[in-house]
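Notes for the structure review
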Amino acid sequence: MTRTIPLIICLAVTSVLTIIICTFTGPAGFGFVSTAPGAADIVGGIRLPRVLAAFFVGASLAVAGAAMQSLFRNPMADPYILGTSSGGALGASFAIVFLGGVFVPVFAWIGAVGAILIVWSIAGRRGMISVETLLLTGIAVSFFFSALVSFLIAIAGQNVHQIIFWLMGGFWNVSLPDAFLAAGILVPAGALLFFMGRDLNALSLGEETAAHLGIDATRVRWTVLGGSTLLVASAVSIAGSIGFIGLVTPHIVRMLIGPDNRVVIPASILAGGILLVLSDTLARTFFSDLPVGIITAFIGAPFFIWLIHQREIAA
Amino acid sequence: MTGPLSITAENHHAGYGMQEIVKSISCSFSPGTFTGIIGPNGSGKTTLLRAFSRVIPASGILELNGREIHNYTPAELGIALGFVPQDEERPFSYTVLQVVLMARYTRTSRFSSLTPVDYARCHAALEETGIAHLENRSIRALSGGEWQRVLIARALAQETKVLLLDEPTSHLDLTHQSDVLSLMRDLAGSGSTIIGVFHDLNLAALFCDRLIMIRNGQIVADDTPSRVLTPGKIRDVYGADVITSVHPATGRTFLMPLAVTTDRIAPDNTLNVLVISGGGSGTDLLHFLSRKGFSLTAGILATTDNDYLTAKELGIPCIPILPFSQIPAHSLKKLRSLFFRADRIILSMHPVGTGNLPVLLALREADPARIIVHLPEGRDILSYDFAKGVAAAHFQDLCTAGTQCTGSFNGILKLLDTALPKILQSPE
């Protein structure tokens with residue numbers, strides 16, 4: 001407990017510094033004051049929205065991941081586990097193939113939320129259901145949607161390139177309103193999850209345990225799922241499906257300060273934001289604007305393997 | 001919602017999916033009692049307990065302190081009723097204290113932090129369960145027994161008037177078993193309602209005021225431990241043979257399973273063995289031979305004799321007589337008839353005084369070739385004589401009259417084995 005306040009302050013300061021430094025960093029050079037023509041446009045018009053969007057998207061994914069892991073009592077769960085990413089991918093691919101690429105974010109959002117609604121209506125029909133049923137249903141729906149996405153890729157023709165890039169995730173066309181939209185969802189949903197930190201703690205030991213401790217486990221489950229879905233759907237509609245941030249960030253946070261969700265939730269918000277901003281800055285500065293999903297997975301996958309290895313040693 | 005809480009269940013059904021595990025159970029639990037729920041595996045004990053705590057759907061009436069339990073909000077129920085599960089998943093490395101503090105979540109608003117009172121109560125619970133030194137340990141690093149005590153500490157910290165325990169001592173060692181159950185009995189003594197599921201019937205009998213025995217989801221017996229734990233009921237419900245007795249030190253009923261398995265097979269049963277013993281000399285021998293599957297009979301035994309109790313427990317017929325009395329003539333006559341029916345007679349050396357001397361005299365009339373004398377190794381015949389040398393003389397005569405003598409149980413077994421083929425080959 002003694003380490004939590006300094007850690008949160010440290011993360012908050014780092015977040016602000018990261019946002020500032022990365023806003024002034026890019027392939028066009030670094031500088032707080034640039035005299036080059038168009039410098040103001042690059043910093044204010046391109047980099048700032050992109051850095052802010054990356055921060056809010058990373059934060060959204062990380063906090064949703066932290067909540068999902070507690071809910072499913074599985075540190076290996078990720079925020080896409082119930083099919084949000086494949087649903088979003090289906091929506092986006094649909095818009096790209098049939099609507100010539102307009103309203104991609106809107107369709108991605110509809111796809112992401114729609115996937116969860118389908119999972120809920122299948123798994124949640126019988127009132128009280130087990131988390132395992134929910135998880136399995138999510139995985140099944142996810143595969144089904146992935147199949148549809150593959151089908152769309154197969155018939156997409158010249159649009160294949162666009163779909164593939166969307167699937168890998170990136171921040172090429174973000175605008176300031178996108179960033180504000182992400183923030184608009186993150187603030188209330190993040191606060192909701194933060195205030196459910198205790199419930200998540202109890203729930204992470206089992207739904208029956210939570211119930212015995214006086215927590216309305218069913219209500220908490222649906223609230224957390226609802227909040228996480230909105231967070232992930234907004235992230236997916238803005239940046240496509242960026243992997244590993246939502247899975248790995250909560251892990252790093254737990255390693256630093258333990259599993260108490262009242263700390264893990266705010267710390268994940270900040271750490272997720274920082275990680276994605278850094279990854280995106282790397283992508284656009286040194287890798288000629290590769291999809292950021294490649295960078296996160298490229299760094300995230302080896303890290304994840306190392307993490308599994310550590311668990312083996314600890315067990 | 002003040003005062004002690006009581007639970008009442010009427011026509012209570014519960015189960016999982018289509019499967020009904022608990023069928024039409026009616027019972028009530030009053031404050032200040034420690035009730036044990038017992039029954040064989042799969043009889044519905046845990047299901048009943050989980051139905052009480054509302055985590056599995058149930059039908060029928062279930063009232064907590066006069067109020068239908070389904071009308072409680074989850075938070076109200078969390079303050080009224082605590083539950084200790086058998087085990088719990090440990091996917092994250094919470095510290096012991098963090099887990100115990102979860103008991104206090106319902107008592108403070110989610111927008112404020114836990115108070116010093118909450119911390120004090122949790123520390124007290126850790127002390128009571130003897131795990132204060134593990135406070136900052138990760139729960140993933142605990143042994144099964146330590147983890148079980150954390151779960152108990154958490155339920156204590158919840159400060160509920162009703163506590164449901166699902167085999168609360170299944171992972172605990174001897175000391176901690178009795179520590180935890182003593183704690184529960186003290187809680188009951190101070191007005192709590194404690195209901196526990198037990199596998200260990202002796203622990204249940206030792207600590208509970210009342211036992212409810214269930215089979216196939218229905219109550220078979222509901223009474224004090226001494227009335228529920230009878231060999232008859234246990235054979236009915238568990239299908240096991242036990243002997244029960246009152247423990248001299250605790251005054252509580254205790255029971256011991258009887259070895260019903262035989263390590264030898266059926267044909268051996270055909271050998272009829274009569275064991276003449278006394279003063280507890282035959283207790284071990286009777287158990288030994290009974291396990292080996294012989295068809296046993298015991299001789300004349302006083303009803304206070306340990307051998308008599310053993311014979312009774314094992315269902316071995318004998319000729320009982322009153323203690324400290326002369327052996328009646330009809331008993332001796334009966335004994336003589338037993339001599340002729342027995343394939344082998346084992347004389348287990350025992351103290352002989354003037355009272356039981358007639359048995360020895362009668363034995364002189366039997367065929368010496370069928371008598372096996374068991375004189376434990378290192379013992380002297382004289383040490384069994386309480387009849388001024390008369391008994392010793394008779395013992396000596398028996399040994400030289402063509403009987404077989406041995407000093408060990410295995411020796412007896414060997415002698416019986418050599419007798420076996422002859423018996424089987426004989427036309428009768």
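Since this is a predicted model, take the numbers as computed values, not measurements. (Residues numbered from 1 in each chain as written. Chains lettered and ligands numbered in written order. Predicted model: local features only at pLDDT ≥ 70, side-chain atom pairs only at ≥ 80, totals over all residues.)

Topic: the overall build of chain A
The number of helices and strands found in chain A is 13 helices and zero strands. For chain A, the sequential pattern of α-helices and β-strands runs α-α-α-α-α-α-α-α-α-α-α-α-α. For a compact globule of 315 residues, the expected C-alpha radius of gyration is about 20 Å, and chain A comes in at 19 Å, within 12% of that figure. In terms of principal-axis extent, the alpha carbons of chain A reach across some 65 × 55 × 35 Å. Residues classed as buried in chain A amount to 51% of the 315 residues present. Put simply, 77% of the contacts in chain A that link residues at least 6 apart link residues at least 24 apart. (Helix = DSSP H or I, 4+ residues; strand = E, 2+ residues; numbered from the N terminus. Rg over C-alpha atoms; globule rule 2.2 N^0.38 Å. Buried ≥ 20, exposed ≤ 12 C-beta atoms within 10 Å, placed from the backbone. Contact = placed C-beta atoms within 7 Å.)

Observations regarding the overall build of chain B
Per the secondary structure count, chain B includes 15 helices and 19 strands. Taking 2.2 N^0.38 as the reference for a compact globule, 428 residues should give roughly 22 Å; the C-alpha atoms of chain B span a radius of gyration of 30 Å, well beyond that estimate. Its C-alpha atoms give chain B principal-axis dimensions of about 95 × 45 × 40 Å. By the burial criterion, 39% of the 428 residues in chain B qualify as buried. The contacts of chain B with a sequence gap of at least 6 include a subset with a gap of at least 24, amounting to 66%.

Here's the deal with the interface of chain B and chain A
Between chain B and chain A, the residue contacts involve 23 residues of the former and 21 residues of the latter. Contributing elements (two or more residues each) for the side of chain B that touches chain A: helix 2 (74–80) and strand 6 (81–84) of chain B. At five residues, helix 2 of chain B tops the list of elements feeding residues into the side of chain B that touches chain A. Its residues assigned to classes, the side of chain B that touches chain A comprises 13 nonpolar, seven polar and three charged. (Nonpolar A, V, L, I, M, F, W, Y, C, P; charged D, E, K, R; others polar.)

A short note on the nonpolar core
Judged by nonpolar contacts, the single largest core of 166 residues is most densely connected at Ala53, Val57 and Val63 of chain A together with Val100 of chain B. If one sorts the elements of this core by residue count, helix 2 (residues 39–71) of chain A sits on top with 16 residues. What valine 57 of chain A contacts, discounting residues up to four positions off in sequence, is Ala182, Ala235, Ile238, Ala239 and Leu276 of chain A. If you look at the next biggest cluster of nonpolar residues, it comprises 38 residues, including Leu296, Tyr308, Ile371 and Phe395 of chain B. (Core = buried A, V, L, I, M, F, W, Y, C linked by C-beta atoms within 7 Å.)

Some points on unusual backbone geometry
All names here are of chain A. Here arginine 73, not a glycine, exhibits a phi torsion of approximately 50°, which is positive. The exposure class of arginine 73 is partly exposed, given the 19 C-beta atoms found within 10 Å. The phi angle at phenylalanine 244 is positive, at roughly 75°, despite the residue not being glycine. Mapped onto the elements, phenylalanine 244 comes out in the loop between helix 10 (217–239) and helix 11 (245–257).

Details of the sheet that holds strand 17 (residues 344–348) of chain B
Residue and element names in this part refer to chain B. Spatial strand order, 14-13-17-18-19: five strands in an open sheet with parallel pairing. With partners counted over all chains shown, the strands left at the sheet margins are strand 14 (295–298) and strand 19 (404–406), one partner each. The average angle at which neighbouring strand axes cross in this sheet is 25°, direction not considered. (Pairing = 2+ DSSP bridges. Axes fitted to C-alpha atoms, helices over the stretch in contact; angles between N-to-C directions.)

Things to note about the domain arrangement of chain B
By convention, interface size is frequently given as the accessible area that disappears when the constituent parts associate. According to the domain assignment, chain B contains domain 1 (7–257) and domain 2 (266–425). Computed over C-alpha atoms, the centres of domain 1 of chain B and domain 2 of chain B are 50 Å apart. (Domains from an automatic or database assignment.)

Some remarks on the sheet that holds strand 3 (residues 34–38) of chain B
All names here are of chain B. Overall, mixed pairing links the six strands, which are arranged 6-7-8-3-9-10 in an open sheet. The open sheet has two edge strands with one neighbour each: strand 6 and strand 10 (218–223). For this sheet the average axis-to-axis angle between neighbouring strands, irrespective of direction, equals 15°. Relative to strand 7 (residues 162–166), strand 6 runs parallel, the two being bridged by four bridges. Directly across from valine 84, in strand 7, lies its bridge partner leucine 165. Sheet strands touched by helix 5 (residues 144–157): strand 6 and strand 7. Its angle to strand 6, the strand with the most contacts, is close to 175°. Lying over the sheet, helix 6 (residues 174–189) contacts strand 3, strand 7 and strand 8 (193–197), oriented at roughly 145° with respect to strand 8.

A word on the pairing of strand 9 (residues 210–215) of chain B
Residue and element names in this part refer to chain B. With five of six residues buried, strand 9 is to be regarded as a mostly interior element. In this structure, strand 3 lies alongside strand 9, joined through four bridges in parallel fashion. Looking across to strand 9, one finds that isoleucine 38 is bridged to methionine 213. Here strand 9 runs beside strand 10; their pairing, made up of five bridges, is antiparallel. Residue pairing across strands places leucine 211 opposite aspartate 223, the latter belonging to strand 10.

Things to note about the pairing of strand 14 of chain B
One face of the sheet, then the other: side chains in a regular strand alternate in exactly this way. Taken together, the four bridges between strand 13 (residues 272–276) of chain B and strand 14 of chain B define a ladder with parallel strand orientation. Across the sheet, the residue bridging to leucine 274 of chain B is threonine 297 of chain B, located in strand 14 of chain B.

Observations regarding the packing of helix 4 (residues 116–128) of chain B against helix 5 of chain B
Residues and elements named next belong to chain B. Orientation of helix 4 relative to helix 5, taken along the N-to-C sense of each, is 140°, at an axis distance of 8 Å. By the criterion of interaxial angle, the relationship of helix 4 to helix 5 is oblique. Helix 4 and helix 5 meet at a crossing whose hand is right-handed. Across the interface between the two elements, Arg121, Cys122, Ala125, Leu126 and Glu128 from helix 4 touch Ala153, Leu156 and Ala157 from helix 5. (Parallel < 35°, antiparallel > 145°, perpendicular 65-115°, else oblique. Left-handed = near helix turned anticlockwise from the far one by under 90°.)

Focus on the environment of valine 131 of chain A
All names here are of chain A. Mapped onto the secondary structure, valine 131 falls in helix 5 (residues 131–155). Classification of valine 131 by C-beta neighbours within 10 Å gives partly exposed; the count is 18. For the pair valine 131 and valine 248, spaced 117 residues apart in the sequence, the C-alpha separation amounts to 22 Å. Setting aside residues no more than four positions away along its own chain, valine 131 makes contact with Leu71, Phe72 and Glu207.

With respect to the confidence of the model for chain A
Confidence in the prediction of chain A, expressed as mean pLDDT, is 85, and 91% of residues score 70 or more. When the elements of chain A are averaged for pLDDT, helix 13 (residues 292–314) of chain A gives the smallest value, 77, and helix 8 (residues 197–203) of chain A the largest, 92. (pLDDT = per-residue confidence, 0-100.)

Some words on helix 11 of chain A
Residues and elements named next belong to chain A. Between the first and last C-alpha of helix 11 there are 18 Å, a value that for 13 residues agrees with the 18 Å anticipated at 1.5 Å per step. Within the sequence span of helix 11, burial applies to Ile245, Gly246, Leu247, Val248, Thr249, Pro250, His251, Val253 and Arg254. Positive phi appears at glycine 258, one or two residues downstream of helix 11, with a value of about 85°. (Expected span 1.5 Å × (residues − 1).)

A word on the environment of threonine 8 of chain B
All names here are of chain B. Structurally, the position occupied by threonine 8 is in strand 1 (residues 7–16). Among the residues examined, threonine 8 registers 17 C-beta atoms within 10 Å and is labelled partly exposed. Along the sequence, threonine 8 and cysteine 27 sit 19 residues apart, while their C-alpha atoms lie 6.0 Å from each other.

Remarks on the environment of glycine 114 of chain A
Tracing the chain through its elements places glycine 114 of chain A in helix 4 (residues 104–123). In this structure the C-alpha to C-alpha distance between glycine 114 of chain A and phenylalanine 56 of chain A, which are 58 residues apart in sequence, comes to 22 Å.

Concerning the confidence of the model for chain B
Residues and elements named next belong to chain B. Taken over all residues, the pLDDT of chain B has a mean of 84, while the share at 70 or more is 91%. Low pLDDT, under 50, characterises residues 260–268; the predicted model gives this stretch 11 contacts beyond four residues in sequence or across chains. The complex model carries a pTM of 0.75, and its ipTM stands at 0.84.

Quick word on the packing of helix 3 (residues 84–98) of chain A against helix 5 of chain A
To describe two helices that pack against each other, one gives the angle between their axes and the distance between the axes. Residues and elements named next belong to chain A. Between helix 3 and helix 5, the shortest axis-to-axis distance is 8 Å and the interhelical angle comes to 20°. Taken together, helix 3 and helix 5 sit at an angle that is classed as roughly parallel. Here helix 3 and helix 5 pass one another in a crossing that is left-handed. Contacts from Ser86, Gly87, Ala89, Leu90, Ser93, Phe94 and Val97 of helix 3 reach helix 5 at Ser142, Phe145, Ser146, Leu148, Val149, Leu152 and Ile153. Residues that form the contact of helix 3 with helix 5 fall into these classes: nine nonpolar, five polar and no charged.

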